[in-house]
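In case you want the letters, here they are:
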Amino acid sequence: VTLSTALFLATACGSGGTAATASPASSPSSDSGMMHHAAVDVLASRYGNILVDGQGHALYLFAADKTTESTCYDACATAWPPMLADKGATVDAMHGATGSLTGTTTRKDGMLQVTYNGHPLYYFVGDKNPGEIHCQAVVNFGAAWYVVDPNGRAITKS
């Protein structure tokens, strides 16, 4: 089931953020919280199709992450919470997402962070509702943050 109306986002992140309108490709799961049985899905947005979690929340990659290991901790991880998965959980690829691109990496605290095409995935703390994209193509904590296309590449347009 698709949302009948698109979400209009009136606020933006920092000085370079852009609000976006998006509508989910499918109805999100009923999981709650940031740590759960992980699922990656695809959502149509003003930036094209992007990766979202099973609830429709936008997922970002951090340009400073050059490998599957996260470089975002402390204040960075407060503003950009990692997408976490329970230990032993598999990452489900739904609809336009590709299962072979999903994975996990172990963070310094032992938690498992979801990866896609080798990139650790994050949320932006200001994106409160499914479909919100408040912080696309901004530099924060020393590098740029981008939503991710279904092939696992950064979408760099702002």
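In case you missed it, the structure is sitting above this.
Presented here is a report on the structure given in the accompanying data block.

The rules behind the values
Residues numbered from 1 in each chain as written. Predicted model: local features only at pLDDT ≥ 70, side-chain atom pairs only at ≥ 80, totals over all residues. Heavy atoms only, no water. Helix = DSSP H or I, 4+ residues; strand = E, 2+ residues; numbered from the N terminus. Buried < 20%, exposed > 50% of the residue type's maximum accessible area, 1.4 Å probe, protein only. Contact = heavy atoms within 4.5 Å. Areas by Shrake-Rupley, 256 points an atom, 1.4 Å probe, with all protein chains shown as cover. Salt bridge = Lys/Arg side-chain N within 4 Å of Asp/Glu carboxyl O. Disulfide = S-S within 2.5 Å. Pairing = 2+ DSSP bridges. Axes fitted to C-alpha atoms, helices over the stretch in contact; angles between N-to-C directions.

1. A word on the overall build of the protein chain
Along the backbone of the protein chain there are one helix and 13 strands. Put simply, the protein chain runs from its N terminus to its C terminus through helices and strands in the order β-β-β-β-β-β-α-β-β-β-β-β-β-β. Buried positions account for 50% of the 158 residues belonging to the protein chain. By sequence separation, contacts in the protein chain at least 24 residues apart represent 65% of the contacts at least 6 residues apart. A total accessible area of about 7100 Å² is found for the protein chain, and carbon and sulfur atoms account for 54% of it.

2. Structural notes on the pattern of salt bridges
One pass over the full model with this rule turns up one salt bridge. Close ionic contact of Arg153 with Asp149 constitutes a salt bridge, the shortest N to O distance being 3.5 Å. The partly exposed category is assigned to Arg153, whose relative accessible area is 47%.

3. Overview of the state of the cysteines
Per the counting criterion, the structure on display carries one disulfide. Each disulfide pairs two cysteine sulfurs, and for Cys72 the partner residue is Cys76, the sulfurs being separated by 2.0 Å. Disulfide Cys72 to Cys76: torsion about the S-S bond roughly -110°, handedness left-handed. Cys76 carries the same exposure label as Cys72, and that label is buried.

4. A closer look at the sheet that holds strand E13 (residues 143-147)
Hydrogen bonding along the main chain pairs the strands of a sheet, whether they run parallel or antiparallel. Read from one edge of the open sheet, three strands run E6-E13-E12, paired in antiparallel fashion. In this open sheet, the two edge strands, each paired with only one partner strand, are strand E6 (60-62) and strand E12 (138-140). For this sheet, the mean inter-axis angle between neighbouring strands, taken without regard to orientation, is 35°. In terms of strand pairing, E12 meets E13 through three bridges, oriented antiparallel. Bridged to Val139 within E13 is Ala144.

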